[in-house]
Amino acid sequence: MADHPRHPIRQDGAASVAVAPAPVTLALPQARVRRSLGQLLEREHVLAGVLLAPTLLILLVFIAYPFAIGLWLAVTDKVVGRPGNFIGLENFRVNLNDAIFLRAFQNTFVYTFIATFLKLVLGMAAALLLNHHFRFKRIVRAGMLLPWIIPTVLSTLAWQWMFDATFSVFNWMLMHSGIISKRILWLGDGVLAMGCLIAVNVWRGMPFFAITLLAGLQTVNPDLHEAAEIDGANAWKRFWRVTLPLIKPIMLVVVLFSMIATFADFQLIYVLTRGGPYSSTHVFGTYAYEIAMRAAKLGQGASISLTLFPFLLVVIVFQLWYIRKND
Amino acid sequence: MATRNTASSMKRRTFLTMTGAAAGAATVGGIPGILQAQQPPSFPKGTKLHLLEWVSFVPAADVELKRLGAEFGKQAGVDVTVELINFNDLNPRIASAIETKAGPDIIQFHNNWAHLYADGIMDVDELAEQVDKRDGGIYDIFRQGTFVGGRWKAVPMGTSPATFAYRTDWFKEAGAEKFPDTMDEFRKVGTELKKKDRPIGQAFGHSLGDPNGWAYAVTWCFGGQEVDKEQKRVLINSKETIEALKFTVAMWKDALDEGGLAWDDSSNNRAYHAGTISATLNGSSIYFVAKRQFPDIVKVTDHGHMPKGPAGRFYQMGPQARAIMKHTKNKDVAVAFVRWLMDRPQYDSYFAANDGYLMGPTPFWEKHALWEKDPKLAPFRDSVKFGRSPGWPGPPSRKASEALVKYIMVDMYAQAIKGMKAEDAAKWAEGELKKAYA
């Protein structure tokens, strides 16, 4: 009611009512709309909805829709160029009888858990070191991020050269320092090749852990450390009893992100071994790609990829539950 | 405007008449007739055409293909895009083009892809039959890869065969005046070479080219085969396959470079140029790079055929071909472009630019002057007669593809090399092939 004085009818007087109907009918709803929109946006749940809408839309289009298509493909016999027919869980049954799939299954878990554990341990160690004051601290911190910033394919190609059967720089150094007399075939043996893949993944992913954990460490109040020190706690006890509990939430988030990314890793393995030698380093990502893209069996390929989903879901639900519980 | 009116009034029939005349001229009128008749037809202004091919190992071939695309575009009034991407990226691009019904109008296919993507590409009977009739018949090995369900699904443009590149000087020192003709001789000379730290190089890692080149071919040379002709019965677990496995394991110990288990398709090229191996099964790219960068090596490099086994001499091979996508809105232009590229003058210039890396789709190209110019390339020319595709003696089907991409044959050899008994490796492959061919 406060805006009535601005209304043309009241300003022009009764005589003008007959000559100015059009502006009246236009201006009145506009003002009302503006006002009601303003009032509407003042309601918290409406404003939240409006602000979240673009994100939701992006998630729906780029995450939910492809996921739904993936689910559908996994239960069909879809091949490139032909419509797929619903075949229930047949693709999954075939996978369970496929020795290469079972190997990929095992490899995916070995790769993910060992790599994530090493990234956490080394990332924490690096974060603790970087949390001290020393010269060129900023340059070192920025430099640490390099492996994470460089496109994976490029850095992996460099590693491929370093592991090359003929030209490996590691072999050259080991031979010239007299440690070995015969070259090591880094990618020519199943176990060794898996070790190399894990090492490269750790090299690439560790900086993410280090920098994120460092951010967590910097939120820890130094007074707490001082108090613990006065109480007689040594460095290890201070870390275990003070630092670790305080940065646990951020640590769990980092581990969660890293596990998801490592479970679904593709580029690194595809560039270095393509699942070889003798299919000993296939993971879900690389094997699904071969079946879906090279054999054109999109349904089967989707079913291989989707095998990840329940495991990832369990990991995510557990970690989120744990974080909330501690909150 | 006059040009535009003429172009827009051109119908498919007119265009077919024109290109038909070109084909006729090629057959009866010689090169002047060809040049006169084979002007590309013109199309409505603004017509676009997108060709997707691999990045060739011979850079001059890519330059020539782009030049041909530009020339066709200029003459036909069409905006031609020639896009070249890595070989390994072609499969995803094809799948995405077919599924989204958008993207390139023409895509280069390799091996049996016409079987894999048959539902997303046009029948091109007329185009392929024209090449077939004009040039003395498309080789069977290429027909098998592109002829699906009684229809030509892609126009074969040849292949890039592999033979053994070898060091003539080192082979002479090891007692071989020429490249060994049989597997036994091969192992014998290989043993001598390895004693002098000059092993033969062969990849057994996961890479679609070289490792399969050995696995399939050596199995066939010893008389083994994956399946029967109907691809109903898996036959890999045979005494012939076991012999091939035992031979390979013996070769591995006595003659081959032990880095091979970790090699991909490019490792042997690097090793040969670095002088760490004396021979390797490869396309002619080793030779071309040596010509440009390693003059001392090229002087002592020649090529030899895959040695004969008890069942003969074979190569694992498949065609390169051009497929027109079903979804294209420019079918007439695409057909005209593929026809024009396969017409002799254009194909000749592309063939010459490949400098021996490309073997033509028909016997006509066996007589090309290029082979006389450099006799060292002759084994590439002749290798096509010994070519077979995965799935032989059946067609290179979808199922054969699955066996290929699972590297079942390669892994059978790799596991035997790593110590699995030959009998067990053959049994393992039998189990896996049964699933692939189910």
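Reading the values: rules and limits
- Residues numbered from 1 in each chain as written.
- Chains lettered and ligands numbered in written order.
- Predicted model: local features only at pLDDT ≥ 70, side-chain atom pairs only at ≥ 80, totals over all residues.
- Heavy atoms only, no water.
- Pairing = 2+ DSSP bridges.
- Helix = DSSP H or I, 4+ residues; strand = E, 2+ residues; numbered from the N terminus.
- Contact = heavy atoms within 4.5 Å.
- Axes fitted to C-alpha atoms, helices over the stretch in contact; angles between N-to-C directions.
- 1 Å grid on protein atoms, 1.4 Å probe; cavity = no way out; pocket = protein on both sides within 12 Å on 5 of 7 lines; lining within 4 Å.
- Points joined across faces, edges and corners; volume = space filled by probe spheres on them.
- Phe/Tyr/Trp six-rings, centres within 6.5 Å; stacked < 30°, edge-to-face > 60°.
- Lys NZ or Arg CZ within 6 Å of the ring centre and 35° of its normal.
- Buried area = accessible area lost by both parts, 1.4 Å probe.
- Salt bridge = Lys/Arg side-chain N within 4 Å of Asp/Glu carboxyl O.
- Nonpolar A, V, L, I, M, F, W, Y, C, P; charged D, E, K, R; others polar.
- Parallel < 35°, antiparallel > 145°, perpendicular 65-115°, else oblique.
- Left-handed = near helix turned anticlockwise from the far one by under 90°.
- pLDDT = per-residue confidence, 0-100.
- Domains from an automatic or database assignment.
- Polar contact = N/O pair within 3.5 Å; in protein donor to acceptor, adjacent residues only side chain to side chain.

1. Focus on the sheet that holds strand E9 (residues 279-282) of chain B
Residue and element names in this part refer to chain B.
Here's step 1: Spatial strand order, E8-E9-E7-E10: 4 strands in an open sheet with mixed pairing. Bordering the open sheet on either side are strand E8 (200-201) and strand E10 (301-304), each of which pairs with just one other strand.
Here's step 2: Looking at chain direction, E8 and E9 are connected through 2 bridges and run parallel. Bridged to Gly201 within E9 is Thr280.
Here's step 3: Across the sheet, helix H13 (residues 267-274) lies against strand E7 (163-167), E9 and E10, angled at about 145 degrees from E9, the strand it touches most.

2. Structural notes on empty space enclosed by the protein
Residues and elements named next belong to chain B.
Here's step 1: Tallying each qualifying case throughout the model produces 4 cavities of 30 Å³ or more.
Here's step 2: Of the volumes computed, that of the largest cavity is approximately 80 Å³.
Here's step 3: Around the largest cavity sit Asn111, Asn112, Met317, Gly318, Ser389, Pro390, Pro396, Ala400, Ser401 and Leu404, which together line it.

3. Structural notes on the sheet that holds strand E12 (residues 320-324) of chain B
Residues and elements named next belong to chain B.
Here's step 1: With mixed pairing, the 5 strands of this open sheet are ordered in space as E2-E1-E3-E12-E6. Single-partner strands in this sheet number two, and they are strand E2 (79-85) and strand E6 (155-158). Adjacent strand axes in the sheet meet at a mean angle of 25 degrees, parallel and antiparallel pairs treated alike.
Here's step 2: Bridging between E6 and E12 involves 3 bridges; their strand directions are antiparallel. Within E12, the position partnered with Pro156 by the bridge is Ala321.
Here's step 3: Strands in contact with helix H5 (residues 90-100) are strand E1 (48-54), E2 and strand E3 (106-110); relative to E3, the strand with the most contacts, it is inclined by about 130 degrees.

4. Observations concerning the packing of aromatic side chains
Here's step 1: In this structure the tally under the stated criterion is 57 aromatic pairs over all chains.
Here's step 2: Ring centres 5.2 Å apart and planes at 70 degrees place the aromatic pair Phe147 of chain B and Trp152 of chain B in the edge-to-face group.
Here's step 3: Ring pairing ties together the aromatic residues Phe101, Phe105, Phe109, Phe113, Phe263, Phe284 and Phe311 of chain A, which thus form one cluster.
Here's step 4: In this arrangement the basic side chain of Arg270 of chain B is found over the ring face of Trp161 of chain A, its NZ or CZ atom lying 4.6 Å from the centre.
Here's step 5: Its end group placed over the ring of Phe314 of chain B, Arg388 of chain B keeps NZ or CZ at 3.4 Å from the ring centre.

5. A word on the interface of chain A and chain B
Here's step 1: Every contact between the two is made by 39 residues of chain A and, on the other side, 33 residues of chain B.
Here's step 2: When chain A packs against chain B, close to 3,200 Å² is buried across both sides, 54% of that on carbon and sulfur atoms.
Here's step 3: Contact with chain B buries surface across chain A, with Val80, Tyr278 and Arg294 of chain A losing the most and accounting together for 22% of the total.
Here's step 4: Our enumeration of links across chain A and chain B arrives at 8 salt bridges.
Here's step 5: Two residues, Lys297 of chain A and Glu402 of chain B, come together in a salt bridge whose shortest N-O distance is 2.6 Å.
Here's step 6: Those elements giving two or more residues to the side of chain A that touches chain B turn out to be helix H5 (99-130), helix H8 (152-162) and helix H14 (284-294) of chain A.
Here's step 7: Here the side of chain A that touches chain B takes 6 residues from H14 of chain A, the largest share from any one element.
Here's step 8: Among the residues making up the side of chain A that touches chain B, the classes are represented as 18 nonpolar, 10 polar and 11 charged.

6. Some details on the environment of Leu208 of chain B
Here's step 1: Within the element layout of this structure, Leu208 of chain B appears in the loop between E8 and helix H11 (210-221).
Here's step 2: Each C-alpha atom, one on Leu208 of chain B and one on Ile408 of chain B, is 12 Å from the other, the two residues being 200 residues apart in sequence.
Here's step 3: Beyond its immediate chain neighbours, meaning those up to four positions away, Leu208 of chain B contacts Arg294 of chain A together with Asp265, Leu404 and Tyr407 of chain B.

7. Section: the packing of helix H3 (residues 44-74) of chain A against helix H15 (residues 298-306) of chain A
Residues and elements named next belong to chain A.
Here's step 1: For the pair H3 and H15, the least separation of the axes is 7 Å and the interaxial angle reads 115 degrees. Relative to H15, the element H3 lies roughly perpendicular. With respect to the hand of their crossing, H3 and H15 are arranged in left-handed fashion. Every residue of H15 that contacts H3 at Phe67, Gly70, Leu71, Leu73 and Ala74 is listed here: Leu298, Gly299, Ala302, Ser303 and Leu306.
Here's step 2: Within the contact of H3 with H15, the residues separate by chemical class into 7 nonpolar, 3 polar and no charged.

8. Remarks on the confidence of the model for chain B
Residue and element names in this part refer to chain B.
Here's step 1: Averaged over every residue, the pLDDT of chain B is 90; the share at 70 or more is 90%.
Here's step 2: Predicted confidence for residues 1-37 stays below pLDDT 50, and this span has 42 contacts to residues more than four positions away or in other chains.
Here's step 3: The complex model carries a pTM of 0.84, and its ipTM stands at 0.84.

9. Here's the deal with unusual backbone geometry
Here's step 1: The omega torsion across Gly276 of chain A and Pro277 of chain A is -10 degrees, close enough to zero to call that bond cis.
Here's step 2: Residue placement: Pro277 of chain A occurs in the loop between helix H13 (267-272) and H14.
Here's step 3: A cis amide bond links Trp392 of chain B to the next residue, Pro393 of chain B, at an omega of 10 degrees.
Here's step 4: Position of Pro393 of chain B among the secondary structure elements: in the loop between strand E13 (387-388) and helix H20 (398-405).
Here's step 5: A positive phi angle, close to 50 degrees, is found at Asn111 of chain B, a residue other than glycine.
Here's step 6: In this structure, Asn111 of chain B sits in the loop between E3 and helix H6 (113-116).

10. Some remarks on the domain arrangement of chain A
Residue and element names in this part refer to chain A.
Here's step 1: Domains assigned within chain A are domain 1 (13-74) and domain 2 (90-326).
Here's step 2: For domain 1 versus domain 2, the distance between C-alpha centres works out to 44 Å.
Here's step 3: Contacts between the two partners involve 5 residues from domain 1, matched on the other side by 8 residues from domain 2.
Here's step 4: Roughly 470 Å² of surface becomes buried between domain 1 and domain 2 when both sides are summed, with 79% attributable to carbon and sulfur atoms.
Here's step 5: In this assembly, domain 1 and domain 2 are joined by 0 salt bridges.
Here's step 6: The interface formed by domain 1 and domain 2 contains 1 residue pair in polar contact (both at pLDDT 80 or more).

11. Re the layout of surface pockets
Here's step 1: Volume-wise, the second largest pocket comes out at about 670 Å³.
Here's step 2: In terms of lining residues, the second largest pocket is bounded by 34 residues, among which Lys297 and Gln300 of chain A together with Glu402, Ala436 and Ala438 of chain B are the most central.
Here's step 3: Where the lining of the second largest pocket is concerned, the elements lending two or more residues are helix H4 (90-96), H14 and H15 of chain A together with H20 and helix H22 (422-436) of chain B.
Here's step 4: No other element matches H4 of chain A, which puts 5 residues into the lining of the second largest pocket.
Here's step 5: Across the lining of the second largest pocket, the residue classes tally to 12 nonpolar, 9 polar and 13 charged.

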